[in-house]
Number of protein chains: 2
Amino acid sequence: MDADRPHAAAPATPRYAPLYQQVREMLVARLAAGEWKPGEALPSELDLAARFNVAPGTLRKAIDALAAQNLVVRRQGKGTYVATHTEEHASSFRFLRIRSDTGATEYPGSRLVDVRRGRASADAARLLALKPGEAVLQLRRVLEFDGAPVVCDDITLPAALFKGLTRTRYEAYDGSMYGFFETEFGVRMLKAHERIKAVAADATAARLLRVAPGAPLLAVERVTTTFGDRPVELRRGLYATAHHHYSNDLG
Amino acid sequence: MDADRPHAAAPATPRYAPLYQQVREMLVARLAAGEWKPGEALPSELDLAARFNVAPGTLRKAIDALAAQNLVVRRQGKGTYVATHTEEHASSFRFLRIRSDTGATEYPGSRLVDVRRGRASADAARLLALKPGEAVLQLRRVLEFDGAPVVCDDITLPAALFKGLTRTRYEAYDGSMYGFFETEFGVRMLKAHERIKAVAADATAARLLRVAPGAPLLAVERVTTTFGDRPVELRRGLYATAHHHYSNDLG
DNA sequence: TATCAGTTATCTTATAGAGGACTTACGAAC
DNA sequence: GTTCGTAAGTCCTCTATAAGATAACTGATA
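If you're wondering where the values come from, they're calculated on a predicted model, not measured in any experiment.

### Some words on the pairing of strand S5 (residues 135–145) of chain B
Residue and element names in this part refer to chain B.
Here comes step 1: Buried residues dominate S5, accounting for eight of its eleven residues.
Here comes step 2: Bridge count for strand S4 (residues 109–119) against S5 is ten bridges, and the pairing is antiparallel. Its bridge partner being in S5, Leu112 is matched across the sheet by Arg141.
Here comes step 3: In this sheet, strand S6 (residues 148–158) lies alongside S5 in antiparallel orientation, the contact comprising ten bridges. Bridged to Gln138 within S6 is Thr156.

Okay, here's the thing in C-alpha cells:
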C-alpha cells in the first residue's frame, strides 16, 4: 500500500522476519562470499547502514548477532573486523578443550605424523556429506604438552577443498591448523560438534601416546562446519587423560 | 557541571560502567534475593524502566543480557519469566550431555541408590569452598536409558543448604534433580564446569553399570554454581559409553 | 452457554539523534 | 627528535518515539 514509507527498507516481507535478521543474513552472505577477508575491517556501521538502507541501530543489532557468533570482532574506536583463526592465540582455545590438570595454559606443540590421500569410507562420507569413495585427505597428528604426547588426531578432509595440501606446506606454516586451513585454502572453521566416548587404547594409539595397550582413552569425534553448516572436517581424536582433562562449561 | 541535563539518568558514574550493565546487576541482585520466584513473571519492561529510572531501551538491553544467560525467559505478548528447572523438560538437556548413539531423545530415568550424611573431604571442601570436615550430603544415583544403567553419579552437597533432604522426599518429587533442588530448597543451579577423563571401571562401578571391571568409562567431574559463582554441588559421574556418548557443541 | 470480535497489555522491532569513549594520526611546542 | 594536545573517525551508550506481533481478557451476540 504505502510503498514509499520513508525509513522502511523492506517492510513487504510476507512472513514475518525481523529486519535486523535479514540484514544479518545479507552480511553473512557477503562474509561467506569473501567480500571482506579474515582480519580485514568491515566498512563503518554508518556506511553499512546507508548501504542496506536501514537505521544505524538496526545494522548495529545485526552486527551484534554476528559478534555473538564469533563471525566478527568489534574493537571500540577502530572498527569491526572479520574473525580469524590466525591471531587470537588465546581465543584459539575455542576449539581446543584439552587442558593440563595443573592449570598451566601452555600451548601444545603439533607434530604431523602422516599425510595420505584416500577415499572416503561410508562412515566418513556420511558425516562429511560426500559420496562414498570420494577423494579425501587423511592427516594424522600428535599434540604434545611440554614434550609429552597427549592427543592423537586422525583428520579427514574433502580433497576438493584442500588441493595442494602437503606435509611440507603445513610444516612451513607457523600457527594453528585452523589458521593454516583459513589462510592457505580459504576454508573457515566456524562451528563443531563433538561426540565423546571412553575407549581402550589399541596398539597404535598406545605407541603414539606412550600409554599401556588397553589403557582408557577419551575418543572424541568432531565434525567441523563452515558457512551454512556445511561439514568440512572430520576429526577423530584419542586423548590421554592421565595428567590432562577435557574442559567444558555448561549454562 | 551541567547537572540538569535532560535525559541522562545516572551519568555521574566515576569509573565508566554502562548503565544497562548496572541495571542488569540490580536485576540479578533481586533475582538472587528471590524478589521474583522461579516461574513467576517479572514486572513489565515499562514498569521496570520507570522503577530504575532508565529508558525502556536501556532496560530492554539489560534483560537481553539476562535472557542470554538463561536467567530469564521471554515470551512475546505475555511477559518475562524467571527461568526454572521445573518446566522446560526439553531445555533440561542444558545440563545433561549424555545422548544415545541412535539419536533417540528419550529422557532417562533416575534411581537414587544411596543418601548419606558425611564430612567434606579435603578435595570436596576445596571445590565447594567449604572448610574440610564440614557437613555434607552424599547422594549416589543411577541414570537409566531404556532400563539400562548408563550413568552413575556421586553427588556432594553442602548440608547447610539442603536441610531435610531425604531419600523419600526426593522420591516423592516428580521431575529433574535440579528442579527438586530449586523448588524444595531454593537452590538454583545456574552454571557448571566439567572436567572429563577416561578411567577404568572399578568393581563398584562395574556392578552398578553392568560392565566388565576395567572397562573404559568417562569420568566427569562437575562443579555447579549458583548466583555469584558460588559452588553448591560437586558431582562425580561415571558414564558407560558403549551405546551412548557425551555430546558437545563448540563455536 | 458458547463463540467471536474488540480491547488491552506486553513484548518486539524499528527509527532518529545526541553525546561519550576509544584509537589513531597529525602537527605544534619544547 | 620527542612530547603533547587536538582533531577525526569509529564504535558505544542512552534517550525518545512509534508501530507491529502475540496473547489474554472482556463483553456482546447468537
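### Let's talk about the packing of helix H1 (residues 19–33) of chain B against helix H2 (residues 45–52) of chain B
Each pair of packed helices gets described by two things: the angle between the helix axes and the distance between those axes.
All names here are of chain B.
Here comes step 1: Following both chains from N to C, one finds H1 and H2 inclined at 105°, their axes separated by 12 Å at the closest point. In terms of axis orientation, H1 runs roughly perpendicular to H2. Residues Val23, Met26, Leu27 and Arg30 of H1 form the contact with H2, whose participating residues are Leu48, Arg51 and Phe52.
Here comes step 2: Across the contact of H1 with H2, the residue classes tally to five nonpolar, no polar and two charged.

### What to know about the pattern of salt bridges
Pairing between side chains becomes possible if they bear opposite charge and their charged atoms approach one another.
Here comes step 1: Taken as a whole, this structure holds 41 salt bridges over all chains when the rule is applied.
Here comes step 2: For Lys191(A), the salt bridge identified is with Asp229(A), shortest N-O distance 3.0 Å. Placement of the pair is Lys191(A) in strand S7 (residues 191–200) and Asp229(A) in the loop between strand S8 (216–226) and strand S9 (230–239), with a sequence separation of 38 residues.
Here comes step 3: Lys191(A) gets classed as partly exposed once you look at its relative accessible area, which sits at 37%.
Here comes step 4: Where Arg30(B) meets Glu35(B), a salt bridge forms, and the shortest distance between an N and an O atom there is 3.3 Å.

### With respect to unusual backbone geometry
All names here are of chain B.
Here comes step 1: At Ala129, a residue that is not glycine, the phi angle is positive and equals roughly 55°.
Here comes step 2: Structurally, Ala129 is set in the loop between helix H4 (122–128) and S5.
Here comes step 3: Using a relative accessible area of 59% as the deciding quantity, one classes Ala129 as exposed.
Here comes step 4: The phi torsion at Arg210 lies on the positive side, around 55°, for a residue other than glycine.
Here comes step 5: Note on placement: Arg210 falls in the loop between helix H7 (203–209) and strand S8 (216–226).

### Some details on the pairing of S8(B)
All names here are of chain B.
Here comes step 1: Most of S8 is tucked away: ten of the eleven residues are buried.
Here comes step 2: Sheet topology note: the strand S7 (residues 191–200)/S8 ladder contains ten bridges and is antiparallel. Considered in S8, the bridge of Ala200 is made with Pro216.
Here comes step 3: Judged from the nine bridges that link them, S8 and strand S9 (residues 230–239) form a sheet pairing that is antiparallel. Along S9, the bridge assignment pairs Thr226 with Arg230.

### Observations regarding the nonpolar core
General note: in soluble globular proteins, nonpolar side chains tend to be found buried as a group.
Here comes step 1: Phe162(A), Leu165(A), Phe181(A), Phe162(B), Leu165(B) and Phe181(B) are the most contacted members of the largest nonpolar core, which totals 66 residues.
Here comes step 2: Contacts of Leu165(B), omitting those with residues within four sequence positions, involve Arg117(B), Leu137(B), Leu139(B), Leu157(B), Phe180(B), Phe181(B) and Phe185(B).

### Quick word on the environment of Ala65(B)
All names here are of chain B.
Here comes step 1: Along the chain, Ala65 falls in helix H3 (residues 56–68).
Here comes step 2: The exposure class assigned to Ala65 is partly exposed, which follows from its relative accessible area of 23%.
Here comes step 3: As for Ala65 and Tyr20, which are separated by 45 residues in sequence, their C-alpha atoms are 9.2 Å apart.

### Describing the relation of the copies chain A and chain B
Here comes step 1: For the match of chain A to chain B, the screw axis carries a shift of 0.0 Å, the RMSD comes to 0.0 Å, and the turn is 180°. Given the turn and translation reported, the copies of this chain are related as if by a two-fold rotation axis.

### Here we look at the confidence of the model for chain A
Caution applies to low-pLDDT regions: their predicted coordinates should not be interpreted in detail.
Residue and element names in this part refer to chain A.
Here comes step 1: Confidence in the prediction for chain A averages 90 pLDDT; 92% of positions are at 70 or higher.
Here comes step 2: A low-confidence stretch, residues 1–15 stays under pLDDT 50, and its non-local contacts, those more than four residues away or across chains, total six contacts.
Here comes step 3: The complex model carries a pTM of 0.89, and its ipTM stands at 0.88.

### Considering the interface of chain A and chain B
Here comes step 1: Taken together, the 32 residues of chain A in the interface contact 32 residues of chain B.
Here comes step 2: Scanning the region where chain A abuts chain B turns up four salt bridges.
Here comes step 3: A salt bridge links Lys197(B) to Asp101(A), with the shortest nitrogen-to-oxygen separation between them at 2.6 Å.
Here comes step 4: Here chain A and chain B share 25 residue pairs in polar contact (both at pLDDT 80 or more) between them.

Criteria and cut-off values
- Residues numbered from 1 in each chain as written.
- Chains lettered and ligands numbered in written order.
- Predicted model: local features only at pLDDT ≥ 70, side-chain atom pairs only at ≥ 80, totals over all residues.
- Heavy atoms only, no water.
- Buried < 20%, exposed > 50% of the residue type's maximum accessible area, 1.4 Å probe, protein only.
- Helix = DSSP H or I, 4+ residues; strand = E, 2+ residues; numbered from the N terminus.
- Pairing = 2+ DSSP bridges.
- Axes fitted to C-alpha atoms, helices over the stretch in contact; angles between N-to-C directions.
- Parallel < 35°, antiparallel > 145°, perpendicular 65-115°, else oblique.
- Contact = heavy atoms within 4.5 Å.
- Nonpolar A, V, L, I, M, F, W, Y, C, P; charged D, E, K, R; others polar.
- Salt bridge = Lys/Arg side-chain N within 4 Å of Asp/Glu carboxyl O.
- Core = buried A, V, L, I, M, F, W, Y, C linked by side-chain atoms within 4.5 Å.
- Least-squares fit on C-alpha atoms with pLDDT ≥ 70 in both.
- pLDDT = per-residue confidence, 0-100.
- Polar contact = N/O pair within 3.5 Å; in protein donor to acceptor, adjacent residues only side chain to side chain.

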